[in-house]
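Given next are the chains, with one letter for each unit.
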Amino acid sequence: MNAEMVKYASGTAARPARSERTKIPVKCRRRNRFIPAFLAGTAVLSILSLLYLDIDWAKMASRVPDIGLVFWDLFHLDFSNMDLIFSSLVETISIAVLSLLYSLILGILFGMLAARNIFRLPWLSVLTQSFFTFLRAVPTPVWVLLMLVCLGMGPEAGVAGLCVHTTAFFTKSFAQSFESIPDETIEALEVTGASRLSIFVNAVLPAALSQIVAWAGMRLETNFSECAILGMVGAGGVGYVISNSLQGYDYGTAGVAILLVFLVAYSIERLFVRVKKKFY
Amino acid sequence: MEPILRFDNVSKHYPNGVHALKGVSFEVAEGEFISVIGPSGSGKSTLLRAINRLIPINGGTVWLDGQAVSAQRGTALRQLRRKVGMIFQNYNLVYSLSVLQNVLHGRLGYMGGLKGVFGLYSEEDKQEGLDLLKELGLEEFAYNRASDLSGGQKQRVGIARAIMQQPKLLLCDEPIASLDPSSAKTIMDLLKSMTQKRNIACIVNLHQLDVALKYSTRIIGLSKGEIVFDGRPEELDDATIERIYGTSRENLMIGGHGNDQADPAHCA
């Protein structure tokens, strides 16, 4: 290596014709080996998955034109069932809002327990965090199905099932927001002799409020779209209408319902962008 | 007269092996205005935070108003803490709240149960908070967000919050280190006048030797965790200053290079 470097050095000094053998390296001497390993691993996994699934490519290709046909049918909007679509959409929004509200309260409560800087009890934080990590690991539709078994068909199961996952999500994100409050601010309240709970409510919570609003807005969007899916497993709402009309080849009605779901989700997003701007 | 604060052979060493305090002893009487000076890492901050047990000590005893601080836990500790106000270099306000709300935080230690948790302050407390803000020239900002204020104004809110506690002792951790010279003077004048008026003892950590000499009734010089000087400002001669900072007085005036030299020596 040293010999080569000497050669480069003398080469630049005298500027002779480029030597026939060596090219000037441009990359770092110590390269990160992780990225090539990661790419190779992904390639191997993709090949294995393809082999296992044994996809019938010919059949799939022959059905591709159907995608266009179905979308064409969906765009023949059929407004005859508007009252049904509308009431189910309102039901979906209500489920999303209610589950958000309950989860906000529970999330602040458990987030307080999970944050390390509020009560300064490491075991409490670890216990709360790991419990909710477990809840988060199970996807929402599974929770809703479980709740359907427990509470019966209908929106109650949807609210309860969404709450489990949303609370788990809020607990983690709120705990992070609470932990991002500077320790010095908490120290300043500590020296006044205030209790831990009072420090939380009077200092940490107001300081983290804008972050909480941001998380809630993001989650309302997710909850609404998840709610649309949940209707398909029987938790009521617009999803039920969509899956029913699709199965009955009533593409016009399904098209209207899907369009409305899109519009509502989009408006929620725009709304919270504005709310957040006001908050800062 | 019983001293408000008594350090009895207090020592503190951190897990990383740094001995921040080595057998420190002193007493503080009512109405004293004490500056603690010394290079970075000499144990000034540790000394201040040992008083209200923000940092637990390893040896000796801190007596605050006749009670041993290190023996206190839970409610008793909180009741002891509210006798000691504290002011910070970075103000440490809750910037999303109003100025008045920040001032009223000083009362939280006196409010039990749900009132304290939800910050339901009494009308008398609110009036007192507004009066204090008026005294500090901030009455027009009472309902502004604390984030709207300038540095000097934020520190005045910090003072108001500490005075709201009706403390017997006020601790100031580098109160003017983040301020411009004119704001710094305002803050030092206010600290002096407000504590004298209310007969509150005041301990100020300072980097500025000239400020310490001008305002204090007494100066404590710390070096490597030990008290090397404890006396009136006029007794502080050049030889003592050199012992505290490990460098001559002239060097201190040019941007404090002496501090940098003292640091590695202390850590070693």
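Residues numbered from 1 in each chain as written. Chains lettered and ligands numbered in written order. Predicted model: local features only at pLDDT ≥ 70, side-chain atom pairs only at ≥ 80, totals over all residues.

Points about the overall build of chain B
A count of helical and extended segments in chain B gives 11 helices and 10 strands. Relative to the globule expectation of 18 Å for 268 residues, the C-alpha radius of gyration of chain B, 19 Å, shows essentially globular dimensions. Its C-alpha atoms give chain B principal-axis dimensions of about 55 × 40 × 40 Å. (Helix = DSSP H or I, 4+ residues; strand = E, 2+ residues; numbered from the N terminus. Rg over C-alpha atoms; globule rule 2.2 N^0.38 Å.)

Focus: the overall build of chain A
What chain A contains, in helices and strands, is 11 helices and 0 strands. For chain A, the α and β elements follow one another from N to C terminus as α-α-α-α-α-α-α-α-α-α-α. Taken over the C-alpha trace, chain A has a radius of gyration of 28 Å; the compact-globule value for 280 residues is 19 Å, which it surpasses by more than 25%. Taking all 280 residues of chain A together, the buried fraction comes to 34%. Across chain A, the fraction of contacts at a sequence separation of at least 24, relative to all contacts at a separation of at least 6, is 74%. (Buried ≥ 20, exposed ≤ 12 C-beta atoms within 10 Å, placed from the backbone. Contact = placed C-beta atoms within 7 Å.)

Observations regarding the pairing of strand β6 (residues 84-87) of chain B
Residues and elements named next belong to chain B. Side-chain alternation along β6 places V84 and M86 on one buried face and G85 and I87 on a second face that is also buried. Of the pairings in the sheet, the one linking β6 to strand β7 (residues 169-173) comprises 4 bridges and is parallel in character. What sits directly across from I87, in β7, is C172. (Pairing = 2+ DSSP bridges.)

Let's talk about the packing of helix α6 (residues 151-164) of chain B against helix α7 (residues 181-198) of chain B
All names here are of chain B. Taken N-terminus to C-terminus, the directions of α6 and α7 make an angle of 15°; their axes are 9 Å apart at the nearest point. Between α6 and α7, the crossing angle belongs to the class labelled roughly parallel. Two packed elements cross with a definite hand, and for α6 against α7 that hand is right-handed. On α7, the residues touching G151, G152, Q155, R156, I159 and I163 of α6 are S183, T186, I187, L190, L191 and M194. When its residues are assigned to classes, the contact of α6 with α7 shows 6 nonpolar, 5 polar and 1 charged. (Axes fitted to C-alpha atoms, helices over the stretch in contact; angles between N-to-C directions. Parallel < 35°, antiparallel > 145°, perpendicular 65-115°, else oblique. Left-handed = near helix turned anticlockwise from the far one by under 90°. Nonpolar A, V, L, I, M, F, W, Y, C, P; charged D, E, K, R; others polar.)

Looking at the domain arrangement of chain B
Residue and element names in this part refer to chain B. Assigned domains of chain B: these are domain 1 (1-83 + 167-268) and domain 2 (94-166). On a C-alpha basis, the centres of domain 1 and domain 2 stand 26 Å from each other. Taken together, the contacts link 14 residues of domain 1 with 12 residues of domain 2. The biggest single contributor to the side of domain 1 that touches domain 2 is α7, with 6 residues. Partitioned by chemical class, the residues of the side of domain 1 that touches domain 2 number 8 nonpolar, 3 polar and 3 charged. (Domains from an automatic or database assignment.)

Structural notes on the packing of helix α5 (residues 122-137) of chain A against helix α7 (residues 155-179) of chain A
All names here are of chain A. Between α5 and α7, the shortest axis-to-axis distance is 9 Å and the interhelical angle comes to 140°. Classified by the interaxial angle, the pair formed by α5 and α7 is oblique. As α5 runs across α7, the sense of the crossing is left-handed. Side by side, α5 and α7 meet where T128, F132, L135 and R136 of the first sit next to V164, H165, A168, F169, T171 and K172 of the second. Considered class by class, the residues forming the contact of α5 with α7 number 5 nonpolar, 3 polar and 2 charged.

Quick notes on the sheet that holds strand β3 (residues 33-37) of chain B
All names here are of chain B. With respect to topology, 6 strands assemble into an open sheet ordered β6-β7-β8-β3-β9-β10, the strand pairing being mixed. Single-partner strands in this sheet number two, and they are β6 and β10 (226-231). Within this sheet the neighbouring strands show an average axis-to-axis angle of 20°, counted without direction.

Describing the pairing of β10 of chain B
Sheet topology note: the strand β9 (residues 218-223) of chain B/β10 of chain B ladder contains 5 bridges and is antiparallel. Among the inter-strand pairings, I219 of chain B is bridged to a residue of β10 of chain B, identified as G231 of chain B.

Quick notes on the interface of chain A and chain B
With 19 residues of chain A at the contact, the number on the chain B side is 23 residues. Of all the secondary structure elements, the ones that give two or more residues to the side of chain A that touches chain B are α8 (183-190) and α9 (196-230) of chain A. The greatest single-element share of the side of chain A that touches chain B, amounting to 8 residues, is contributed by α9 of chain A. Across the side of chain A that touches chain B, the residue classes break down as 10 nonpolar, 6 polar and 3 charged.

Examining the environment of G237 of chain A
All names here are of chain A. One can find G237 in the loop between α9 and α10 (238-247). Residues G237 and L146, spaced 91 residues apart in sequence, show a C-alpha to C-alpha distance of 18 Å. Among residues more than four places away in sequence, those in contact with G237 are S88, E91, T92, I95, P155, G158, C227, A228, L230 and G231.

Focus on the confidence of the model for chain B
Interpretation of this model should avoid reading the predicted coordinates in detail wherever pLDDT is low. Residues and elements named next belong to chain B. Chain-level statistics for chain B give a pLDDT mean of 90 and a share of 94% at 70 or above. In the model, residues 256-268 has pLDDT below 50 throughout and makes 20 contacts with residues more than four positions away in sequence or in other chains. Note on the complex model: pTM 0.81, ipTM 0.86. (pLDDT = per-residue confidence, 0-100.)

Focus: the sheet that holds strand β4 (residues 59-64) of chain B
One key point about sheets: their strands pair by backbone hydrogen bonds, in either a parallel or an antiparallel sense. Residues and elements named next belong to chain B. Taking strand neighbours across the sheet as the criterion, the 4 strands line up as β2-β1-β4-β5 in an open arrangement whose pairing is antiparallel. Looking along the sheet, the strands with just one partner apiece sit at the ends: β2 (19-28) and β5 (67-68). The pairing of strand β1 (residues 5-13) with β4 spans 5 bridges and is antiparallel. Paired with S11 across the strands is G59, a residue of β4.

Brief notes about the confidence of the model for chain A
Residues and elements named next belong to chain A. With 92% of its residues at a pLDDT of at least 70, chain A reaches an overall mean of 87. When pLDDT is averaged over each helix and strand of chain A, the minimum, 49, is found for helix α1 (residues 2-14) and the maximum, 94, for α5. This stretch, residues 9-13, has a pLDDT under 50; its non-local contacts, to residues over four places away or in other chains, come to 1 contact.

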